[in-house]
Amino acid sequence: RGPMNLYSLTEDHVRFYEEHGYVQLDNVLTMDEVEVLRRAVAQAVDDKNKYNLNLGPRTDEGYAKVFLQMVNLWERYPVLEDYIHNVRVAEIARKLTRSKYVRLWHDQALIKYPKDSKATAWHQDTVYWPMNEAGGLSCWMALDEVTVERGCMWFVPGSHKLGPLPPIDLGNVLPDNLDAVLPASFRGVKPVAVELKPGSCTFHNGLTFHYAGPNVTDIPRRAMVTIFIPAGITYKKHTHIVGDRSNLQPGEEFHGPLFPVLARD
Ligand code: SIN
Ligand code: NI
């Protein structure tokens with residue numbers, strides 16, 4: 001992909017991300033590209049059901065209603081391997097973090113099915129990751145139109161500045177947990193809902209508190225998430241299905257084929 005194909009990320013976008021801990025970017029993918037991803041995710045769901053594949057860290061009932069989570073699909077589906085290497089997306093992550101390069105931590109499809117779904121409770125991501133430093137970030141790409149009713153993402157602006165706070169159990173917590181997780185100094189800060197068209201996305205810092213409501217529409221809410229590790233982040237021993245097979249030593253910078261470089265200066 002040549003530079004013509006890059007997203008025109010501005011310094012204002014980068015500053016917004018630094019200040020608020022997230023940024024909304026519209027029309028990053030074309031509808032043709034979205035359609036390719038939708039088909040690949042549908043294939044993964046079919047394969048998972050057909051072959052009883054274990055593609056996610058948890059499948060217990062409490063968690064399953066939050067979303068169907070399928071991780072590291074890039075290793076199984078060439079189309080999704082192409083997607084993690086999509087320079088238009090990866091270059092955004094690199095520029096937002098002002099980093100020399102970014103690596104993949106993992107990808108995941110997150111589907112909130114209609115009707116019986118639960119909210120994704122307020123949480124930070126970093127506290128679940130085997131990383132010593134903060135800075136990791138996610139691209140949350142909408143494959144369907146996401147509205148408040150369909151379970152779009154919400155963010156507490158600036159909450160990444162709080163640093164890491166104790167993790168919560170996402171499958172087993174009251175969804176309306178914002179007051180429980182935010183310190184008193186942040187109680188007045190209003191969360192922002194980000195509704196997106198397919199092919200539009202948010203990037204959020206792994207420390208930014210976020211939430212998604214239940215899907216009360218008739219259509220599944222499908223998102224394709226890529227999680228990026230900026231340069232200089234080191235491995236911390238921590239239980240996570242992706243981290244467990246890494247063979248990295250604690251304190252060592254992330255490297256190796258499980259964590260490919262996706263964009264570089
Ligand atoms: C969600 O898609 O519901 C939550 C995504 C996230 O926690 O990053
Ligand atoms: Ni999260």
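Here the structure is shown first, and the text comes after it.
Our subject in this report is the structure included herewith. Every residue gets a number counted from 1 within its own chain, in the order that chain's sequence is written. To read the labels, note that chains go from A and ligands from 1, taken in the order they are written. For a predicted model such as this one, the threshold for reporting local features is a pLDDT of at least 70, and the threshold for listing and counting side-chain atom pairs is 80 or more; totals across whole chains, interfaces and linings nevertheless cover every residue. Think of the side-chain values as coming from all heavy atoms in the structure, minus any hydrogens and water.

This paragraph deals with the coordination of the nickel ion (ligand 2). Protein coordination of the nickel ion (ligand 2) is provided by His123 (NE2), Asp125 (OD) and His210 (NE2), with donor distances spanning 2.0 Å. Look at where the donors of the nickel ion (ligand 2) fall in the sequence and you get H-x1-D-x84-H. With a gap of 85 residues between them, aspartate 125 in the loop between β4 (120-123) and β5 (137-142) and histidine 210 in strand β9 (residues 210-212) connect regions that are remote in the sequence. The residues aspartate 125 and histidine 210 share a single accessibility class, namely buried. Atoms are scored as donors when they are N, O or S and lie within 2.8 Å of the metal, with 3.2 Å used for Na, K and Ca; no water is included, so coordination may look incomplete. Each helix corresponds to a stretch of at least 4 residues labelled H or I by DSSP, and each strand to a stretch of at least 2 residues labelled E; elements are numbered beginning at the N terminus. Burial here depends on accessible area, computed with a 1.4 Å probe over protein chains only, as a share of the maximum for the residue type. Under 20% is buried, over 50% is exposed, and the range in between is partly exposed.

Working definition: residue near molecule or strand if any one of its non-hydrogen atoms lies within 4 Å of it. As a structural note, the neighbourhood of ligand 1 is formed by Phe67, Leu110, Lys112, Thr120, His123, Asp125, Trp140, Met153, His204, His210, Ala212 and Arg221. One of the side-chain nitrogen or oxygen atoms of histidine 123 is found 2.9 Å away from an oxygen atom of ligand 1. Within 3.5 Å is the distance limit for a polar contact, defined as a pair of N or O atoms, with the added protein rule that one can donate a hydrogen and the other accept it, and that residues adjacent in sequence qualify only through two side-chain atoms. Between ligand 1 and the protein, one listed contact pairs an oxygen atom with a side-chain N or O atom of tryptophan 140 at 2.9 Å. Computed by Shrake-Rupley with a 1.4 Å probe, the accessible areas treat only the displayed protein chains as cover when residues are assessed. When ligand 1 sits alone it has 260 Å² of accessible area, and the protein chains cover 96% of it. If you list the elements that add at least two residues to the shell around ligand 1, you get β3 (101-112), β4 and β9. All amino acids are sorted into three groups, where Ala, Val, Leu, Ile, Met, Phe, Trp, Tyr, Cys and Pro are nonpolar, Asp, Glu, Lys and Arg are charged, and the leftover types, Gly among them, are polar. Classifying every residue of the shell around ligand 1 by side-chain character gives five nonpolar, four polar and three charged.

For strand β10 (residues 221-230), the buried fraction is high: nine of the ten residues fall into the buried class. Pairing of β3 with β10, which is carried by nine bridges, proceeds in the antiparallel orientation. Looking at the pairing, aspartate 107 lines up with threonine 226 of β10. Across six bridges, the pairing between β5 and β10 is antiparallel. Across the sheet, the residue bridging to methionine 141 is methionine 224, located in β10. By the convention used here, strands pair only if DSSP detects at least 2 bridges between them.

Attention shifts here to the pattern of salt bridges. The salt bridge definition used is simple: a Lys or Arg side-chain nitrogen within 4 Å of an Asp or Glu carboxyl oxygen. Counted under the stated rule, the structure contains 16 salt bridges. Residue arginine 39 pairs with glutamate 35 through a salt bridge whose shortest N-O separation is 4.0 Å. Pair noted here: arginine 39 and glutamate 35 are both in helix α2 (residues 31-51), with a separation of four residues, about one helical turn. With a relative accessible area of 55%, arginine 39 lands in the exposed category. Looking at glutamate 35, the relative accessible area reads 30%, which means it is partly exposed. When the shortest N-O distance is used, the salt bridge between aspartate 265 and lysine 100 registers 3.9 Å. Of this pair, aspartate 265 sits in the segment after β11 (261-264) while lysine 100 sits in the loop between α5 (87-96) and β3; the two residues are 165 residues apart in sequence, bridging distant segments of the chain. Taken as a pair, aspartate 265 and lysine 100 share a single burial class, namely exposed.

By the secondary structure assignment, leucine 174 is in the loop between β6 (153-155) and α6 (178-181). Judged by relative accessible area, leucine 174 falls into the exposed class, the value being 67%. Each C-alpha atom of the pair leucine 174 and lysine 118 lies 9.8 Å from the other, and the pair is 56 residues apart in sequence.

Moving on: the pairing of strand β2 (residues 68-71). Across the two faces of β2 the burial is the same, with Leu68 and Met70 and Gln69 and Val71 all buried. With four bridges connecting them, β2 and β3 associate as antiparallel partners. Directly across from leucine 68, in β3, lies its bridge partner isoleucine 111.

Grouped burial of nonpolar side chains is what soluble globular proteins tend to show. Among the buried residues, those of types Ala, Val, Leu, Ile, Met, Phe, Trp, Tyr and Cys that are joined through side-chain atoms within 4.5 Å form a nonpolar core. Counting 43 residues, the largest nonpolar core has Met70, Phe203 and Phe228 as the members making the most contacts within it. Here, residues are in contact when the closest pair of their heavy atoms is within 4.5 Å. In contact with phenylalanine 228, not counting residues within four places along its chain, are Val89, Ala90, Ala93, Val102, Arg103, Trp105, Gly136, Leu137, Cys139, Phe203 and Leu262. Ranked by size, the runner-up nonpolar core spans 39 residues in total, among them Tyr22, Ala121, Val181 and Leu258.

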